[in-house]
Amino acid sequence: MADCVFCKIAGGEIPSKFVYEDEKCVIFNDIHPKAKTHMLIVPRKHIPSIADMEDGDEKIAGHLLHCAKNIADNMKLKGYKLSINVGKEGGQEVFHLHVHLMSD
Ligand code: 5GP
Ligand code: ZN
């Protein structure tokens, strides 16, 4: 997606430091952290939001949660919140699916 900031980050067009990356997703720190740890788990595929998921995307969505768990384990986080904003009215600002991982 040409004008999508998370596509540009995932594709390397905007140089960013990844906490983790694999063939399906990237994880990086939120630019405006709302907790001591605030990372975004972002699929490489441009899916605008949960509301736009197509058949087969459930594998990607599951993968994002699995990666969130692995990062949290690696960082030895005792507890954390995972959240997904869906749609403008749901607080979504960047229309490329992402999971927030937050922990204080
Ligand atoms: P949303 O409200 O869409 O669920 O969350 C979007 C998040 O992306 C916000 O927490 C915002 O701070 C973060 N964000 C927006 N643009 C950038 C960016 O260019 N780089 C990074 N690292 N985070 C961003
Ligand atoms: Zn995108």
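The preceding data block contains the structure.
About the criteria used
- Residues numbered from 1 in each chain as written.
- Chains lettered and ligands numbered in written order.
- Predicted model: local features only at pLDDT ≥ 70, side-chain atom pairs only at ≥ 80, totals over all residues.
- Heavy atoms only, no water.
- Pairing = 2+ DSSP bridges.
- Helix = DSSP H or I, 4+ residues; strand = E, 2+ residues; numbered from the N terminus.
- Contact = heavy atoms within 4.5 Å.
- Axes fitted to C-alpha atoms, helices over the stretch in contact; angles between N-to-C directions.
- Buried < 20%, exposed > 50% of the residue type's maximum accessible area, 1.4 Å probe, protein only.
- Near = heavy atom within 4 Å.
- Polar contact = N/O pair within 3.5 Å; in protein donor to acceptor, adjacent residues only side chain to side chain.
- Areas by Shrake-Rupley, 256 points an atom, 1.4 Å probe, with all protein chains shown as cover.
- Nonpolar A, V, L, I, M, F, W, Y, C, P; charged D, E, K, R; others polar.

Moving on: the sheet that holds strand β3 (residues 37-43). In any sheet, the strands associate via hydrogen bonds between backbone groups, in a parallel or an antiparallel arrangement. With antiparallel pairing, the five strands of this open sheet are ordered in space as β1-β2-β3-β5-β4. Two strands lie at the open edges of the sheet, namely β1 (20-21) and β4 (81-83), each paired on one side alone. Relative to strand β5 (residues 99-103), β3 is paired through five bridges, and the arrangement is antiparallel. Paired with His38 across the strands is Met102, a residue of β5. Helix α2 (residues 57-74) rests against β1, β2 (25-29), β3, β4 and β5 of the sheet, and its axis sits at about 150 degrees to β3.

Next up on the list: the pairing of β2. Within β2, four of the five residues are buried, which leaves it mostly tucked inside the rest of the structure. Two elements, β1 and β2, share two bridges in a ladder whose sense is antiparallel. Along β2, the bridge assignment pairs Tyr20 with Ile27. Remark: three residues form the turn of the hairpin made by β1 and β2, two consecutive strands paired antiparallel.

With respect to spatial proximity, 17 residues lie near ligand 1, and among them Asp30, Glu93, Val94, His98 and His100 are the closest. One nitrogen or oxygen atom from the main chain of Gly91 is found 2.9 Å from an oxygen atom belonging to ligand 1. Interatomic distance of 2.7 Å between a backbone N/O atom of Glu93 and an oxygen atom of ligand 1. In isolation ligand 1 offers 520 Å² of accessible surface; the protein chains occlude 84% of this area. At the level of secondary structure, the elements contributing two or more residues to the shell around ligand 1 comprise α1 (5-10) and β2. The greatest single-element share of the shell around ligand 1, amounting to three residues, is contributed by α1. Split by residue class, the shell around ligand 1 holds seven nonpolar, seven polar and three charged.

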